[in-house]
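# Coordinates in review
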Amino acid sequence: MQQYSSLPDQNSQIDATPKLLTTIQQLRAKLWLESSLNQLQSRLNYYLLSVCNNVLQAETAESEVLQAVVNEINSVMNSTNLALTDYAVGIAMFQPQETVATVCYVSRSPSQNSQPLFVDVLTAEKKLLLRLQEVIELKDLQQLENQQPPSAWRLADDSGSIMGWLIIAAAPLSSDRESLIESKAQLRSQLMSRSANYCTTALVQLRHILSWQQQYQELSNSNQELERTNQLKNQFLANTSHEIRTPLSSIIGFTHLLLAPGYEPTIERQREYLNIIQSSGKHLLALINDILDLSKIEANQLEVQWESVDVPLLCSNVLALVKEKAANKGLRLCLEIDPDITSLVADSLRLKQMLLNLLFNALKFTSKGSVGLQVVPKGGSVHFTVWDTGSGISQEDQTQLFEPYFQIAKAVAGGAEGTGLGLAVTRKLAQIHGGSVKVESEVDGGSRFTLLLPLKQEVGVGGDEEAGEAGGVGGTGEAKYSLSPLPFTPSSSVDILLVENDLPNADLMQIYLRKLGYQVTWVKNAAEMWEALTQLDPAVILMDIFLADGNGLNLVRQLREHEQYQTIPVIVQTAMAMKGDRETCLTAGVNDYISKPIDLPLLASLVAKYSKPPI
């Protein structure tokens, strides 16, 4: 008995061999599985890195990742001895709030004469065809996920929302040993399950990357827009500075000449210098008005007063305003209005401003011949065409005509006046009216600028009508009253109380009104005003708003609280010329409003209107 005790049992060695082989097979299968999954992970990492380095469309990037999963699973299936006679791997994408998923990616095994494969739902009671664009119901996918072995694995994001399903359709495993079939089925299930996890992780990471890229792109675009805006602002300030300094240089320079000791120019020279100073001042005012208009339009703060406009009358008035300038250049003015055009719903002041801008431009570039305005209906629009026989505009310049501050080089070289804002303002005003401006021109062939406005506006007509301010924003407004004094001859018995903080403006108004025959008493602050009122019964009070010891509008309110001052007309003269300033003044109890710089004929009209004794 003892002679066999030190020898191994032969039967035990025979029994251990299958166990050893099984362990080796299991280890080999595990190594294969991990190697295959590592290969899949590497491929997915490669695609994610590519997305990081290149901005791709979301659909393109996601498609590449999902196709990579399908292809990689197909590749590892073909490289192993799982003994799958035929199979197909697919991914069905799912949209939230839907009850079906659509097969978007399919990879087939390379076997010849392979037929479309079906996925068994539960115990083969229902078969689903796995092919591109096949629609599978959500309940069937859930059954495929829960059956044993599973044939579908969900792809869900961090919040648990389903993005899609990884599906496999396969023919039965072929083997003589049932245990081998079961082990291979488990191995296949592990491969699909973990591949689904890798796919889910890659999709979530991909969406995070795409979201970050989108945010980066938005920030980049925003920074570029801010940089562009900053450049435009700097350019705007530089151009504005240049345009303001040019007329100021003339004003200061010629004033200096007139005041220079020992320099005594002739009367003709003095008139020439004063005309230059006046022209430069008007140019400066027009520039300021255009800048204000442009800034208010850009900020959507421009008020539009819709009304029914008498088109023939307005056009005649516009041509009357440019008649003198045309006569000075020896040009003939033409007006042609279709008899069917009688009225139009628009802002009359802004329509006049647009037409004047176009006419002044036509006169500027025409040295001989004619300038005309033609008004005709076309479709549902009215076409206001300003034409000339001038030098014309090149195609290159036409592309920039409506840009702020752009001026044609030959006009600048020729010393032609202009702010470079008129056409920009005109186009924006036309757009506010629901219209547009177009240009047709050729060098030495004249030009045609056409303002197109709709015959009917969708906005309501009416509202508070704004009294015209000839010296206000836009520079082309027409007062509702005449620019010349009303037919009333004042006498020294008509007292005017002038409350004005600025000495030059006070001197200007005193000299002008006294020349017209008024008796003007000037005070420069609120205290002096109250003292003057104890000794004076003025026919009109001219009130500045910004005073050293108070606000002019508060003084008006205080005046209206005293019975003896309630009926005295008050006209404010102020540099306030922005949106709502006039309404603010009227609400305070003011009778009328005139903006600075003071238009003297308009001032005379207002004073005559309110100082005229009642009939």
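Each remark here, short or long, concerns the structure printed above.
Residues numbered from 1 in each chain as written. Predicted model: local features only at pLDDT ≥ 70, side-chain atom pairs only at ≥ 80, totals over all residues. Heavy atoms only, no water.

## Brief notes about the overall build of the protein chain
Note the cut-off: Helix numbering and strand numbering both begin at the N terminus, where a helix is a DSSP run of H or I of at least 4 residues and a strand a DSSP run of E of at least 2. Categorising residues by exposure relies on relative accessible area from a 1.4 Å probe, with only protein chains included: less than 20% of the type maximum marks a residue as buried, more than 50% marks it as exposed, and the intermediate range marks it as partly exposed. Note on areas: these come from Shrake-Rupley sampling with a 1.4 Å probe, and a residue is covered only by the protein chains present in the view.
Scanning the protein chain from N- to C-terminus turns up 15 helices and 21 strands. Classification of the 615 residues of the protein chain by burial places 43% in the buried group. Working note: accessible area of the protein chain is about 33,700 Å², and carbon and sulfur atoms make up 51% of it.

## Some thoughts on empty space enclosed by the protein
Which entries qualify depends on this criterion: Detection works on a 1 Å grid of protein atoms alone, calling trapped sets that fit a 1.4 Å probe cavities and calling open sets with protein on both sides within 12 Å along at least five of seven lines pockets, with lining residues defined by an atom within 4 Å of a point. Grid points are joined across faces, edges and corners, and a volume is the space filled by probe spheres set on the points. Amino acids are sorted into nonpolar (Ala, Val, Leu, Ile, Met, Phe, Trp, Tyr, Cys and Pro), charged (Asp, Glu, Lys and Arg) and polar (every other residue, Gly among them).
Summed over the entire model, instances satisfying the criterion amount to two cavities of 30 Å³ or more. Taken as a whole, the second largest cavity holds about 30 Å³ of empty space. The wall of the second largest cavity is formed by Ser 36, Leu 40, Glu 72, Ile 73, Val 76, Leu 191 and Ser 195. At the level of elements, helix 1 (10–53), helix 2 (58–78) and helix 4 (178–259) are the ones that each hand at least two residues to the lining of the second largest cavity. Considering each element in turn, the lining of the second largest cavity owes the most residues, three residues, to helix 2. Classifying every residue of the lining of the second largest cavity gives four nonpolar, two polar and one charged.

## Quick notes on helix 15 (residues 600–611)
To keep things clear, this is the line we draw: Each helix should span, by expectation, one fewer than its residue count multiplied by 1.5 Å. Any pair of residues with heavy atoms lying within 4.5 Å of one another is described as a contacting pair.
Here helix 15 spans 16 Å end to end across twelve residues, near enough to the 16 Å set by a 1.5 Å rise per residue. Counting buried positions along helix 15 gives nine out of twelve residues, so the element sits mostly inside the fold. For helix 15, the full list of buried residues reads Leu 602, Leu 603, Ala 604, Ser 605, Leu 606, Val 607, Ala 608, Tyr 610 and Ser 611. At its buried positions, helix 15 is contacted by strand 15 (495–499), helix 11 (503–515), strand 17 (540–544), strand 20 (570–574) and strand 21 (592–595).

## Comments concerning the sheet that holds strand 21
For clarity, the cut-off: Think of it this way: DSSP has to see at least two bridges between two strands before they count as a pair. Only the stretch in contact is used when a helix axis is fitted, and all axes are lines through C-alpha atoms; the angle between N-to-C directions ranges over 0 to 180 degrees.
Spatially, the five strands line up as an open sheet ordered 16-15-17-20-21, and their pairing is parallel. Single-partner strands in this sheet number two, and they are strand 16 (519–523) and strand 21. The sheet shows a mean angle of 20 degrees between the axes of neighbouring strands, taken without regard to direction. Where strand 15 lies against strand 17, four bridges are found, and the strand directions are parallel. Following the sheet pairing, Leu 497 is matched in strand 17 by Ile 541. The strands touched by helix 11 within the sheet are strand 15, strand 16, strand 17 and strand 20, with strand 16 carrying the most contacts at an inclination of about 170 degrees.

## Here's the deal with helix 13 (residues 552–561)
Residues spaced three or four apart along an α-helix point in a common direction, a consequence of the helix completing one turn every 3.6 residues. We count it as follows: For this quantity, the arc is that covered by the directions from the helix axis to the C-beta atoms. Two N or O atoms count as a polar contact when they lie within 3.5 Å, although within protein this holds only if one can serve as hydrogen donor and the other as acceptor, and sequence-adjacent residues are included solely when both atoms are side-chain atoms.
Within the span of helix 13, buried status applies to Gly 552, Leu 553, Leu 555, Val 556, Leu 559 and Arg 560. Seen end-on, helix 13 carries its buried residues on one side only, within an arc spanning 155 degrees. Against helix 12 (526–533), strand 17, strand 18 (546–547), strand 19 (550–551), strand 20 and helix 14 (581–587) lie the buried residues of helix 13. The backbone nitrogen of Leu 553 has a side-chain oxygen 2.8 Å away, supplied by the residue at the start of helix 13, namely Asn 551.

## Let's talk about the pattern of salt bridges
This is how the line gets drawn: A pair is scored as a salt bridge if a Lys or Arg side-chain nitrogen falls within 4 Å of a carboxyl oxygen belonging to Asp or Glu.
As enumerated under the stated definition, the model contains twelve salt bridges in all. Salt-bridge contacts for Arg 269 lead to Glu 272; the nearest nitrogen and oxygen are separated by 3.1 Å. Pair noted here: Arg 269 and Glu 272 are both in helix 5 (residues 267–298), with a separation of three residues, about one helical turn. Exposure remark for Glu 272: the relative accessible area of 35% places this residue in the partly exposed category. Lys 596 is the partner of Asp 544 in a salt bridge, and the nearest nitrogen-oxygen pair spans 3.7 Å. Of the two residues, Asp 544 is situated in strand 17 and Lys 596 in the loop between strand 21 and helix 15; the sequence distance between them amounts to 52 residues. Comparing Asp 544 with Lys 596, the two get one shared label, buried. Here the residues in one salt-bridge network are Glu 500, Asp 544 and Lys 596, joined through shared partners.

## Considerations on unusual backbone geometry
Of note, the bond from Gln 148 into Pro 149 is cis; its omega dihedral lies within 30 degrees of zero at -10 degrees. Within the fold, Pro 149 resides in the loop between helix 3 (138–146) and strand 6 (152–156). One non-glycine residue, Gln 133, lies in the positive phi region at around 70 degrees. A positive phi angle is found at Asp 444, which is not glycine, with a value near 65 degrees. With respect to the helices, strands and loops of the structure, Asp 444 is situated in the loop between strand 13 (436–441) and strand 14 (447–454).

## Details of the pairing of strand 13
Residues Val 437, Val 439 and Ser 441 point to one face of strand 13 and are all buried, whereas Ser 436, Lys 438 and Glu 440, pointing to the other face, are not buried. Relative to strand 14, strand 13 is paired through six bridges, and the arrangement is antiparallel. The partner of Ser 436 across the bridge, within strand 14, is Leu 452. Count of turn residues in the strand 13/strand 14 antiparallel hairpin: five residues, of which Asp 444 carries a positive phi of about 65 degrees.

## Points about the packing of helix 6 (residues 311–328) against helix 7 (residues 348–364)
The condition is simple: Crossings are assigned a handedness: left-handed for a near helix turned anticlockwise from the far helix by less than a right angle, right-handed for a clockwise turn.
The geometry of helix 6 relative to helix 7 is characterised by a closest axis approach of 10 Å and an angle of 30 degrees between their N-to-C directions. Considering the relative orientation of helix 6 and helix 7, their crossing is right-handed. Only Ser 348, Leu 351, Lys 352, Leu 355, Leu 356, Leu 359, Phe 360 and Leu 363 of helix 7 make contact with helix 6, whose side of the interface consists of Leu 314, Cys 315, Asn 317, Val 318, Leu 319, Leu 321, Val 322, Lys 325 and Ala 326. By residue class, the composition of the contact of helix 6 with helix 7 is 13 nonpolar, two polar and two charged.

## Examining the side chain of Ser 611
Its location among the elements puts Ser 611 in helix 15. In terms of polar contacts, Ser 611 uses its side chain to reach the backbone carbonyl oxygen of Val 607, at 2.6 Å.

## Some points on the side chain of Thr 450
Position of Thr 450 relative to the elements: it lies in strand 14. Of the polar contacts made by the side chain of Thr 450, one reaches the side chain of Thr 385; its length is 3.1 Å. In this structure, Thr 450 is in contact with His 383, Phe 384, Thr 385, Ser 436, Val 437 and Lys 438, ignoring residues within four places of it in sequence.

## Focus on the environment of Asn 525
Considering the arrangement of structural elements, one finds Asn 525 in the loop between strand 16 and helix 12. Residue classification places Asn 525 among the buried residues on the basis of a relative accessible area of 16%. Separated by 26 residues in the primary sequence, Asn 525 and Val 499 place their C-alpha atoms 6.6 Å from one another. A distance of 3.3 Å separates a polar side-chain atom of Asn 525 from the backbone nitrogen of Ala 527. Reaching out from Asn 525, the side chain makes a polar contact with the backbone nitrogen of Glu 528 at a distance of 2.8 Å.

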